[in-house]
Amino acid sequence: MTPADLSQLIKDTATTILAERGLDASALPEVVTVERPRNPEHGDYASNLALQVAKKAGANPRDFASWLAAALAGNSAIDQAEIAGPGFLNIRLAADAQGEIVAKILREEEAFGNSDALSGQRINLEFVSANPTGPIHLGGTRWAAVGDSLGRVLEACGAEVTREYYFNDHGGQIDRFARSLVAAAEGEPTPEDGYGGDYIREIASAVVEKNPAALDGEPAEVQENFRALGVEMMFEQIKASLREFGVEFDVYFHENSLYESGAVEKAITTLKDNDNLYEADGAWWLRAEKFGDDKDRVVIKSDGDHAYIAGDIAYVADKFDRGHNLAIYMLGADHHGYIGRLRAAAQALGYEPDNVEVLIGQMVNLLRDGKPVRMSKRAGTVITLEDLVEAIGTDGARYSLVRSSVDTSVDIDLELWTAQSADNPVYYVQYGHARLCSIERKAAELKVDGNEPELGLLLHDKEGDLIRTLGDFPEVVATAAQLREPHRIARYVEDLAATFHRFYDQCQILPKAGEDAEPIHSARLALARATRQVLHNGLTMVGVNAPERM
């Protein structure tokens, strides 16, 4: 019996009790909260349902808890149900019911932890979206890891996810990039407002190699030659880096296409027609403050040029017009102002603002010997995705970036994340998976199959701890999806690995040399298999390999 099963059992039991006593069952929540007590002596699970709803239903909380306890105690899945304090309910599961968690995992395999909680949701998930003017920096690398993991978690809960990269190829930064390439090709210093680094010289050389006449012609023509080829080459490097990092996108959306297709003008016309765009001081302004933003925003400047938000407005409309019913933006630490303006843009266009979510990620710092690493080998002024992967590997890079909430800054200690020890979180979890695979290989040698285990034999405290931790996984996944917090998966697999190691230290899984296999060995082998499966599922959700040997 999983926590979700127990939650439903308690709700069904409470519904029956209230109906039998003529009390108001409408006070019951949609989902009954079931938690693991901090003190295991209090039971396997606890619920405060009686305290939560008794008075609303017209009953005394302790009386209601006693009715629940008596009814639950009569269920074969419940070993014990007791009242604590003013109406808390502490529950111990019967061994067979608890063992059902293991059986369920072994039946469902990769599907364990999945649900249909977000079925019907079509989510546009936009992440990374680094400008095509240089390699992906550490902040973008964090979004690559977190965004890819979040997409996996949302899909595990039944959502249809479109992973989207917004390619900023319209505006002044592209002009500066092109001028920087021209300067590098001509052997001139980097323009004052331009981009430097070895990668600029590499791309400039590649442009000349591909088009030997790139430097011929008028300045504007030369700049266009380098803009067209240079942006294409930079973007191909970005896509290759992401692919090596295990991140693939369904859509690479070009900002410039919004202008070329007329989508920007269409959105502006809509806003003028519904009076959410007004003219003042020679410019056109979005009535953003009306929809919760901190101020109105210029959309068309007094010189007739579009402000950057013009593309953002058209892009919001495009996301929903493609059939998505939720748009999640993952933006950097300097983009807090986008929360209000994007939601305001959506509402001004007639869309539901709550269907726009903006996640803001904080900074990432790379440390060596306790001191910040600031210079990249190729990019010069910033640390890149390639720098991080070279330093600690792809698995280490992804895991170190996913395991913390995005609203906190992350310090990545190179010594910690390259250590082959329990102090290194990704090594610790992967080692647990590899150890479980080793147990499986040893079991095959000893001819312990574990295919028809007597799971009711799993009565040891550490066995119970491990089973209940396994049973938490579906709820962890659901919560991670609901709160957009994939770091919960990483923290969970660390806890699961630790719980497994404690079980392994006290419970002999396989018979010793010369001993015959007993039913308990098959039961524990089944528990080990279930643990390996859930570790595998969790690591997969954060985009990290689950090695069979280390």
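Residues numbered from 1 in each chain as written. Predicted model: local features only at pLDDT ≥ 70, side-chain atom pairs only at ≥ 80, totals over all residues. Heavy atoms only, no water.

### Considering the overall build of the chain
Tallying secondary structure elements over the chain gives 19 helices and 14 strands in all. Taking all 550 residues of the chain together, the buried fraction comes to 51%. Sequence separation of at least 24 residues holds for 69% of the intrachain contacts in the chain that already meet a minimum separation of 6. Side chains of the chain carry 54 positive and 88 negative charges; the gap between the two charge centres is 4 Å. (Helix = DSSP H or I, 4+ residues; strand = E, 2+ residues; numbered from the N terminus. Buried < 20%, exposed > 50% of the residue type's maximum accessible area, 1.4 Å probe, protein only. Contact = heavy atoms within 4.5 Å. Lys, Arg positive; Asp, Glu negative; His and termini not counted. Charge placed at Lys NZ, Arg CZ, Asp CG, Glu CD.)

### Things to note about the UniProt feature "short sequence motif: 'HIGH' region" (unreviewed entry) in the chain
Residues annotated by UniProt as "short sequence motif: 'HIGH' region" (unreviewed entry) correspond here to residues 130–140. Secondary structure content for residues 130–140 is 27% helix and 0% strand, and the end C-alpha separation is 6 Å. (UniProt positions renumbered as here; feature names shortened; annotations may be inferred.)

### Structural notes on the packing of helix H1 (residues 3–20) against helix H3 (residues 61–73)
The contact between H1 and H3 brings their axes to 10 Å, and the two run at 115°. In this structure, H1 meets H3 at a crossing whose hand is right-handed. In this structure, H1 uses Leu-9, Ile-10, Thr-13, Ala-14, Ile-17 and Leu-18 to contact H3, whose residues at the interface are Phe-64, Trp-67, Leu-68, Ala-71 and Leu-72. For the contact of H1 with H3, a count of residues per class yields 10 nonpolar, 1 polar and no charged. (Axes fitted to C-alpha atoms, helices over the stretch in contact; angles between N-to-C directions. Left-handed = near helix turned anticlockwise from the far one by under 90°. Nonpolar A, V, L, I, M, F, W, Y, C, P; charged D, E, K, R; others polar.)

### A look at the pattern of salt bridges
The final tally for this structure, using the stated rule, is 28 salt bridges. Residue Glu-224 is joined to Arg-227 by a salt bridge in which the shortest nitrogen-to-oxygen separation is 2.9 Å. Here Arg-227 and Glu-224 lie together in helix H8 (residues 219–244), a separation of 3 residues that amounts to about one turn. Here Asp-465 ties to Arg-468 by a salt bridge, and the two come within 3.1 Å at their closest N and O atoms. (Salt bridge = Lys/Arg side-chain N within 4 Å of Asp/Glu carboxyl O.)

### Some remarks on the side chain of Ser-149
By the secondary structure assignment, Ser-149 is in helix H5 (residues 138–156). Note on Ser-149: relative accessible area 0%, which makes it buried. What Ser-149 contacts, discounting residues up to four positions off in sequence, is Arg-398, Val-402, Pro-486, Met-541 and Val-542.

### Quick word on the UniProt feature "domain: Arginyl tRNA synthetase N-terminal" (unreviewed entry) in the chain
The positions UniProt marks with the feature "domain: Arginyl tRNA synthetase N-terminal" (unreviewed entry) are residues 4–93. For the annotated span residues 4–93, helix accounts for 43% and strand for 18% of the residues, and the straight-line distance between the end C-alpha atoms is 13 Å.

### Here we look at the packing of aromatic side chains
A complete count under the given rule lists 19 aromatic pairs for this structure. Ring centres 6.2 Å apart and planes at 25° place the aromatic pair Phe-112 and Phe-473 in the stacked group. Of this pair, Phe-112 sits in the loop between helix H4 (95–108) and strand S4 (122–126) while Phe-473 is found in helix H17 (residues 473–483), placing the two residues 361 residues apart along the sequence. Of the two residues, Phe-112 and Phe-473, neither departs from the other in class, the shared state being buried. Centre to centre, the rings of Phe-500 and Tyr-504 are 5.8 Å apart; their planes meet at 45°, and the pair counts as tilted. Of this pair, Phe-500 and Tyr-504 both sit in helix H18 (residues 487–506), 4 residues apart, roughly one helical turn. A relative accessible area of 0% means that Phe-500 is categorised as buried. For Tyr-504, a relative accessible area of 32% gives the class partly exposed. By the ring-pair criterion, three or more aromatic residues cluster together here, those being Phe-127, Tyr-165, Phe-167, Phe-235, Phe-249 and Tyr-252. Its end group placed over the ring of Trp-67, Arg-21 keeps NZ or CZ at 4.2 Å from the ring centre. (Phe/Tyr/Trp six-rings, centres within 6.5 Å; stacked < 30°, edge-to-face > 60°. Lys NZ or Arg CZ within 6 Å of the ring centre and 35° of its normal.)

### Quick look at the pairing of strand S3 (residues 88–93)
Here strand S1 (residues 45–47) pairs with S3 via 3 bridges, running antiparallel. Considered in S3, the bridge of Tyr-45 is made with Ile-91. Summarising the sheet, strand S2 (residues 78–84) and S3 pair through 6 bridges and their orientation is antiparallel. What sits directly across from Ala-81, in S3, is Ile-91. Taking the residues between adjacent antiparallel strands as the criterion, S2 and S3 are bridged by 3 residues, where Gly-85 takes a positive phi near 60°. (Pairing = 2+ DSSP bridges.)

### Observations concerning the sheet that holds strand S8 (residues 283–286)
Two modes of strand pairing occur in sheets, parallel and antiparallel, and in both the strands are linked by backbone hydrogen bonds. Spatially, 3 strands are ordered S7-S8-S9 in an open sheet, and the strand pairing comes out antiparallel. On the outer flanks of this sheet lie strand S7 (277–280) and strand S9 (297–300), each paired with one strand and no other. Averaged over all neighbouring strand pairs, the angle between strand axes comes to 45°, with direction disregarded. Sheet strands in contact with helix H10 (residues 263–273) are S7, S8 and S9, and its direction is about 85° off that of S7.

### Re the sheet that holds S3
Ordered in space as S1-S3-S2, the 3 strands form an open sheet in which the pairing is antiparallel. Edge positions in the open sheet fall to S1 and S2, since each of these has one partner strand only. Looking at each pair of strands side by side, their axes are set apart by 20° on average, direction ignored.

### Topic: helix H2 (residues 49–57)
Turning to H2, its buried residues number three or more, namely Leu-49, Ala-50, Val-53, Ala-54 and Ala-57. Each buried residue of H2 sits inside an arc of 125° when the element is viewed along its axis, so together they form one side. Away from its buried face by more than 90 degrees, H2 exposes Lys-55 and Lys-56. Residues of H2 that are buried sit in contact with H1, S1 and H3. Looking one or two residues beyond H2, the residue adopting positive phi is Gly-58, at roughly 95°. (Arc of directions from axis to C-beta.)

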